[in-house]
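Each chain, letter by letter, is given below.
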Amino acid sequence: NPAKPRQEILHLEKPAGYSGACWVETDQHRLILSHVTKSLIGQSAELWIHGPEGVGKTHLGLVIADRCQWSYYDCGDIQPDLASELLEWLDIGVGLVLDRVDCWLQHAEAEAALFSWWKRKENGLVLISTHTRTHTHTYTHTDTNTPTLKYRHNPTHTITHTDRQT
């Protein structure tokens, strides 16, 4: 039944160790949060945040989700073959933060589901990845006639997140 996602999707939780109390907001964070508030809330716009591991992208994504009252999902915790089911279940009017989206961009079915949802969404979307949108991945699908998400749609804004909090 597509109206009720599998239990694995319903029981996802915030990453261990996440706490708003340990958040140290920098000028770059304030700039990003301001942009999200002004340009993404209530808009069919998107922001792609990328940067190396350990710079705080996930924490920033969780803060965005909390402050904007958006949904947050870590694509690395969701099998790519469940991506379509999850995205069909989500409300297109609620903003969404997808962390580690790289995990889905290597699977044609997950990528197609994400792109389909992307075209229908009515609120902001934040994509978080280690690689840039144009990074060359080794894709496992063989349909070379279907362009990958990185070529199908350009996000409204792309930010390289480099702040390392000490």
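What this report covers is the structure whose coordinates are included nearby. (Residues numbered from 1 in each chain as written. Predicted model: local features only at pLDDT ≥ 70, side-chain atom pairs only at ≥ 80, totals over all residues. Heavy atoms only, no water.)

**Concerning helix α5 (residues 108–120)**
Helix length check: α5, at 13 residues, gives a terminal C-alpha distance of 19 Å against a target of 18 Å (1.5 Å per residue), a fit within 8%. Every buried residue of α5 is accounted for by A110, E111, A113, L114, F115, W117 and W118. (Helix = DSSP H or I, 4+ residues; strand = E, 2+ residues; numbered from the N terminus. Expected span 1.5 Å × (residues − 1). Buried < 20%, exposed > 50% of the residue type's maximum accessible area, 1.4 Å probe, protein only.)

**With respect to the nonpolar core**
Within the largest apolar cluster, 21 residues are counted, with the highest numbers of intra-cluster contacts made by L87, L96, L98 and W104. Counting residues per element, the ones that place at least two in this core are α4 (83–89), β3 (96–99), α5 and β4 (125–129). The biggest single contributor to this core is α5, with five residues. With 19 residues, the next largest nonpolar core counts V36, L47, A65 and I128 among its residues. (Core = buried A, V, L, I, M, F, W, Y, C linked by side-chain atoms within 4.5 Å.)

**Notes on helix α2 (residues 27–40)**
In a regular helix each residue adds 1.5 Å, so 14 residues correspond to 20 Å; α2 covers 19 Å between its end C-alpha atoms and thus fits that length. Among all positions of α2, only Q28, H29, I32, L33, H35, V36 and L40 are buried. The buried residues of α2 occupy an angular sector of 155° when projected down its axis, which confines them to one face. Residues D27, L31 and K38 are exposed on α2 and point more than 90 degrees away from its buried face. Phi turns positive one or two residues past the end of α2, at G42, with a value near 75°. (Arc of directions from axis to C-beta.)

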